[in-house]
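Coordinates in review
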Amino acid sequence: AEGRQWFYRAGERYLPDDHVLQVTMSPDGSIVYAETAKGWTSIKEVPRTMHSKAEYLLKRYHERHKREGMPSPTNYDDAYAMKNWSHGPQASDALWTSYFVASMCMAYTVTGEERYKDAASEAMEAIYMLQNVTGIEGLVARSWAPIDAPYAEPLKKQDNWITTDDGKFIWRDDVSSDQMDGHYFALYMYYEHIAKHDPAEKARIQEQTRKITDYIVDNNFQIIDWDGERTRWGWFNPELINDAPLHYLESGIYSMMMLSFLKTAFYITDDAKYNRIYRKLIKKHDYLSNSLLQKKIFPDEMNHSDDQMAAVAFYPLMQIEQDPYVRQAMHRSLRRNARIDRDERNSLLAMVYASVEPDDADVLGAIRTLREMPQDRRNWRMLNSHRADVQFEMDKNVWNDRLLREVLPADERDFERWNMDPYASDTGGDGRSEGAGVHFMLPYWFGRYHGLIAAPK
């Protein structure tokens, strides 16, 4: 009948057991009751606004997802009791923290509520700590932790964790492009919404921006680690981008990211040298030309982590750049990326594109995904490879996952971050890990800030 819709409900997010014996409904049709091999369950739709979901996740963040001012997944002993939990460092702490900083910055600008500003400032302190904890001016850490933290004990025995000279902290080396992307995103958002309005904050963020940018530029657009060796993914130099065929897949996005970093540094510090270097990379080393094809598509490797990095790097660049020649090229690159990924209903990429070209962006698809995202952020196992109503691609992805031809609704699969492959058929775990929800907050507040999502009624 017209207007009817199928919803697929399986796995422990919805059922105690997938062996369903019988199904019945409440008299008004609002609740489904299912008897399974392990007992009864009920499934009911609860109306809520996207804002209430964002507020729930923020409350949850403050209660149990904040590690040293950084959003962190919570790991439970028991997925159902959810009483005893632990945190730990993440390989990309800066990137996930930048999501939160940006979300709270835009929430503060939209609402004027000081609680959002305070949350952004606290997370920004953690970003600054990542930039300063190594003791080498300009060298950024992947992650850091107090040396006396319970979870730090096993980390001390690992080669990639270094103790600070004062013995108070440990930090993880081998910082990569993902984390640098997060640093500049956080720097731009915090400067634009908070720091530039306060002289002390402005001076501090300018100093931090100079340090990390000069370190990259002075080392020929590379990140040199504490041991004198370049980090594995810490390279943005013309020799590797343009002259190394094995790095073809990264040539476009790394060119675009480096331009975004330099433009952000110029905007924050007002130092013309960063703009001169920016122009040089465009005119002499083809970084703008490379950026036109930053999105690599079949038969190249489909990398959704690169889509995420592109969205985060595009946003500051498109907000700052006013040169019509450069802006048009970057606009075309962003449009190409967004149109290729349109069927994925990626809320982050769609909202970044909508901030530039709202009439062409798939705003409704982005909002649909935000609506479908379960408020429960536990990583329940979601199996779809056995379904009769799906079709599969012949090839698998880089993680050897079996891929669907069409992306399923967000509440029929498990994903916590925008770098995950939305076509993967079987995802999730045992429910004992609960995400911090920042991947929802960021596109939601993007939508609010740019007038794409209305305030709740």
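Details of the structure are given in the entry above.
Reference entry: report on the structure contained in this document. (Residues numbered from 1 in each chain as written. Predicted model: local features only at pLDDT ≥ 70, side-chain atom pairs only at ≥ 80, totals over all residues. Heavy atoms only, no water.)

**Quick notes on unusual backbone geometry**
The condition is simple: Working definition: helices are DSSP H or I runs of at least four residues, strands are E runs of at least two. Numbering for both runs from the N terminus.
Despite not being glycine, F221 has its phi angle at roughly 60°, a positive value. Examined against the element boundaries, F221 turns out to sit in the loop between α5 (199-218) and β11 (222-224).

**Topic: the side chain of S26**
For clarity, the cut-off: Only heavy atoms enter the contact rule, under which two residues are in contact if any of them lie within 4.5 Å.
Inspection of the secondary structure assignment puts S26 in the loop between β1 (20-25) and β2 (31-36). When sequence neighbours within four positions are dropped, the list of residues in contact with S26 reads I31 and Y33.

**Thoughts on the sheet that holds β1**
What counts is decided by this rule: For two strands to be treated as a pair, DSSP must find at least two bridges joining them. The axes used here are C-alpha line fits, helices contributing only the stretch in contact, and every angle between their N-to-C directions lies in the interval 0 to 180 degrees.
Read from one edge to the other, the open sheet built from three strands follows the order β1-β2-β3, with strand pairing classed as antiparallel. Edge positions in the sheet fall to β1 and β3 (39-44), since each has one partner strand and no second. The sheet shows a mean angle of 20° between the axes of neighbouring strands, direction not considered. Sheet topology note: the β2/β3 ladder contains six bridges and is antiparallel. Along β3, the bridge assignment pairs T36 with G39.

**Here we look at the sheet that holds strand β8 (residues 143-146)**
By way of backbone hydrogen bonds, the strands of a sheet pair with one another, either parallel or antiparallel. Spatial strand order, β8-β10-β9: three strands in an open sheet with antiparallel pairing. Two strands close off the open sheet at either side, each with one partner strand: β8 and β9 (161-163). The average undirected angle you get between the axes of adjacent strands in this sheet is 25°. Sheet topology note: the β8/strand β10 (residues 169-172) ladder contains four bridges and is antiparallel. Paired with W144 across the two strands is W171, which belongs to β10.

**Digging into helix α8 (residues 272-283)**
Test applied: Here the expected length of a helix is defined as 1.5 Å per residue gap, with one fewer gap than residues. The buried label applies to any residue whose accessible area, calculated with a 1.4 Å probe on protein chains only, is under 20% of its type's maximum; exposed applies above 50%, and partly exposed to all values in between. Throughout, the arc means the angular range of directions from the helix axis out to the C-beta atoms. Pairs of N or O atoms within 3.5 Å make up the polar contacts considered here, provided that, within protein, one atom can donate a hydrogen while the other can accept it, and that residues adjacent in sequence are counted only when both atoms are side-chain atoms.
Here α8 contains twelve residues, and its C-alpha end-to-end distance of 16 Å stays within 8% of the 16 Å for a straight helix at 1.5 Å per residue. Within the sequence span of α8, burial applies to Y274, I277, Y278, L281 and I282. End-on, the buried residues of α8 take up no more than an arc of 140°, which puts them together on one face. Exposed residues pointing more than 90 degrees away from the buried face of α8 are listed as R276 and K283. Packing partners of the buried residues in α8 comprise α5, α6 (238-243), α7 (248-269), α9 (287-292), α10 (304-320) and α11 (324-340). At the N-terminal boundary of α8, the capping side chain belongs to D271, with an oxygen 3.0 Å from the backbone nitrogen of K273.

**Notes on the pairing of β1**
Two faces make up the sheet, and in a regular strand the side chains alternate between them. Strand direction decides the pairing type here: β1 and β2, joined by five bridges, are antiparallel. Note on β2: the bridge partner recorded for Q22 is E35. Taken together, β1 and the strand that follows it, β2, pair antiparallel across an intervening segment of five residues, in which G29 is found at a positive phi of about 75°.

**Side note on the environment of S425**
Mapped onto the secondary structure, S425 falls in the loop between β13 (378-383) and β14 (426-434). S425 gets classed as buried once you look at its relative accessible area, which sits at 2%. Counting along the chain gives 39 residues from S425 to H386, while the straight-line C-alpha distance between them is 9.0 Å. The residues touching S425, leaving out its near neighbours within four places in the chain, are M382, L383, N384, S385, F392, R402 and L404.

**Some details on the packing of aromatic side chains**
How we decide: Pairs were defined over the aromatic rings of Phe, Tyr and Trp, the Trp ring being its six-membered one, requiring ring centres within 6.5 Å. Orientation was assigned from the angle between planes: stacked under 30 degrees, edge-to-face over 60, tilted for the rest. Whether a charge sits over a ring depends on NZ of Lys or CZ of Arg being within 6 Å of the ring centre and within 35 degrees of the ring normal.
For the coordinates displayed, the defined rule picks out 19 aromatic pairs. Aromatic pair Y188 and Y315: ring centres 6.3 Å apart, planes at 70°, arrangement edge-to-face. On the criterion of sequence distance, the pair formed by Y188 in helix α4 (residues 177-193) and Y315 in helix α10 is long-range, its members being 127 residues apart. For Y188, a relative accessible area of 5% gives the class buried. What makes Y315 buried here is its relative accessible area of 2%. For the ring pair F236 and F261, a centre distance of 5.6 Å and an interplane angle of 75° mean the geometry is edge-to-face. Of the two residues, F236 is situated in the loop between β12 (230-235) and α6 and F261 in helix α7; the sequence distance between them amounts to 25 residues. Using a relative accessible area of 0% as the deciding quantity, one classes F236 as buried. By the ring-pair criterion, three or more aromatic residues cluster together here, those being F185, Y188, Y191, Y267, Y315 and F446. In this structure, K296 packs its charged tip against the face of Y248, placed 4.2 Å from the ring centre.

**Considering the pattern of salt bridges**
Applicable threshold: By convention in these notes, a salt bridge is any Lys or Arg side-chain nitrogen within 4 Å of a carboxyl oxygen on Asp or Glu.
For the structure on display, the rule yields 26 salt bridges. A salt bridge links E55 to R115; the shortest N-O distance between them is 2.8 Å. One end of the pair, E55, is in helix α1 (residues 50-64); the other, R115, is in helix α3 (residues 114-132), with 60 residues separating them in the sequence. Its salt-bridge partner being E125, residue R204 comes within 2.6 Å of it at the nearest N-O pair. With R204 in helix α5 and E125 in helix α3, the pair connects residues that are 79 residues apart, well separated along the chain. R204 sits in the partly exposed class, given a relative accessible area of 30%.

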